[in-house]
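Examining the three-dimensional arrangement
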Amino acid sequence: MSRRTTRPVAYLVTCVLASQFCFTQRTGLAQADSKADQNQGSCRKQYDISAKGSGALQKVIAVWNATGTEQEQRIIGGQPAKIEDNPWQVAILASHVPDNWAAQFCGGSIIAKRWVLTAAHCVDEGTKAADISVLEGTASLKGKKNRVPVDQVAVHCNWNPLNHDSDIALLHVKSDLAGTPIDAIGADETGIVGGVLLRVSGWGLLSITEDIRTDVLYQTEVPYVPKSSCTQNKSYPGEITDNMLCAGREGKDTCTGDSGGPASIVVNGQRKLVGIVSWGEGCGDVNKPGVYTRVSIFRPWVKSISANEVKW
Ligand code: 4AZ
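Summary of the structure given here. Computed from a predicted model, the values in this text were never measured in an experiment. (Residues numbered from 1 in each chain as written. Predicted model: local features only at pLDDT ≥ 70, side-chain atom pairs only at ≥ 80, totals over all residues. Heavy atoms only, no water.)

Some words on the overall build of the protein chain
In terms of regular secondary structure, the protein chain is built from six helices and 17 strands. Across the 312 residues in the protein chain, those meeting the buried criterion constitute 57%. When the accessible surface of the protein chain is split by element, carbon and sulfur atoms take 51% of a total near 12400 Å². (Helix = DSSP H or I, 4+ residues; strand = E, 2+ residues; numbered from the N terminus. Buried < 20%, exposed > 50% of the residue type's maximum accessible area, 1.4 Å probe, protein only. Areas by Shrake-Rupley, 256 points an atom, 1.4 Å probe, with all protein chains shown as cover.)

Encoded structure:
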């Protein structure tokens, strides 16, 4: 996940009320910023993230520039999915790559008319709002249509590319999205119990070993893995923070290109977002489940950055 660049970019990170309300000030966010300024002057620091992060966007642009095509990308052990069953699913695209399929580098979830939730590692390393667009309302990456420009990028200021902690970011889009926003799991996490199946979806790798590529959305169901199992020696000892959750089994997983996308469960007949595709060792390997950003923890941050436009 980590990649070094030599381009130094300084970011001003603003935090409100210690750790839960943070964002990286880079493109707009005027409202949230001035509010933060007025309310809390503390927890404001210079933060150079130029040498960290996955650089997913930069990779897509570099490969496109070099070859006019895109590298392999694409869920393990899944099947083609319908957008009607996942109406909050969006693809995050590199704006200046014309073909949707070539431009796709991450996933995201619509959580309000103008807000998309994704992973911090999808949009760090100096990603500007103008560099990315959102593709909604389609399971197919064919063609060049349906793009909605992004006008603000907010990365959680506790995002730590070294241990993947707080891998969460918000994108504000320039026009209303037509897709259905997904609600988040409650702070009590009712429903997240051992053995529950999380639905995950995305346009990421279908296989880590073979270059199997498709331009259609895939989905699969991955079993929740409690922290006590996920931190065993054979899995991720000492690596799972309280801001993460694990899910997956051999042959059922998310992979590169699915990052930022949704992991959800059904509670009282309604689908709730519980995770954001974040990281893992390999894809679909035994004892190496996928690791997801634990959405319940970040509900206050999301509400704060979106000035309560997200109705969680
Ligand atoms: C990635 O590189 C990535 N197997 C996403 C998910 C997983 C591994 C890697 C989980 O974006």
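Quick word on the site of the ligand
The local shell around the ligand consists of H121, D253, T254, C255, T256, S259, V277, W279, G280, G282, C283 and G290. Separating a nitrogen atom of the ligand from a backbone N or O atom of G282 is a distance of 3.0 Å. Its free accessible area being 300 Å², the ligand has 90% of it covered by the protein chains. Among the residues forming the shell around the ligand, the class breakdown is four nonpolar, seven polar and one charged. (Near = heavy atom within 4 Å. Polar contact = N/O pair within 3.5 Å; in protein donor to acceptor, adjacent residues only side chain to side chain. Nonpolar A, V, L, I, M, F, W, Y, C, P; charged D, E, K, R; others polar.)

Notes on the state of the cysteines
Counted under the stated rule, the structure contains three disulfides. Covalently, C230 is tied to C246 through a disulfide, its sulfur atoms 2.0 Å apart. The S-S bond linking C230 to C246 shows a torsion near -90°; that makes this disulfide left-handed. Of this pair, C230 sits in helix α5 (residues 227-230) while C246 is found in strand β14 (residues 244-247), placing the two residues 16 residues apart along the sequence. Comparing C230 with C246, the two get one shared label, buried. Across the disulfide from C255 sits C283; the S-S distance is 2.0 Å. Of note, the bridge from C255 to C283 carries an S-S torsion of about 80° and is right-handed in sense. A residue pair is termed long-range when its members are at least 10 positions apart, and C255 in the loop between β14 and β15 (262-267) and C283 in the loop between β16 (270-279) and β17 (290-294) qualify at 28 residues. When sorted by exposure, C255 lands in the same class as C283, which is buried. (Disulfide = S-S within 2.5 Å.)

Description of the environment of E239
Its place among the elements puts E239 in the loop between α5 and β14. The sequence separation of E239 and H164 amounts to 75 residues, and the corresponding C-alpha distance is 9.0 Å.

Remarks on the sheet that holds strand β8 (residues 132-135)
Hydrogen bonds between backbone atoms are what pair the strands of a sheet, whose relative direction is either parallel or antiparallel. The six strands are arranged β5-β6-β7-β10-β9-β8 in a closed barrel whose pairing can be described as antiparallel. Direction aside, the axes of adjacent strands within the sheet are offset by 40° on average. Summarising the sheet, strand β7 (residues 115-118) and strand β10 (residues 169-173) pair through four bridges and their orientation is antiparallel. Its bridge partner being in β10, T118 is matched across the sheet by A169. (Pairing = 2+ DSSP bridges. Axes fitted to C-alpha atoms, helices over the stretch in contact; angles between N-to-C directions.)

Details of the pattern of salt bridges
Enumeration over the complete set of coordinates arrives at six salt bridges. For K227, the salt bridge identified is with D242, shortest N-O distance 2.8 Å. In this pair, K227 is assigned in helix α5 and D242 in the loop between α5 and β14, connecting sequence segments 15 residues apart. Using a relative accessible area of 35% as the deciding quantity, one classes K227 as partly exposed. (Salt bridge = Lys/Arg side-chain N within 4 Å of Asp/Glu carboxyl O.)

Some thoughts on the side chain of K272
Within the secondary structure, K272 sits in strand β16. Polar side-chain contacts of K272 include one of 2.7 Å to the side chain of D183. Every residue in contact with K272, bar those within four places of it in the chain, is listed here: I182, D183, A184, I185, A263, S264, I265 and V267. (Contact = heavy atoms within 4.5 Å.)

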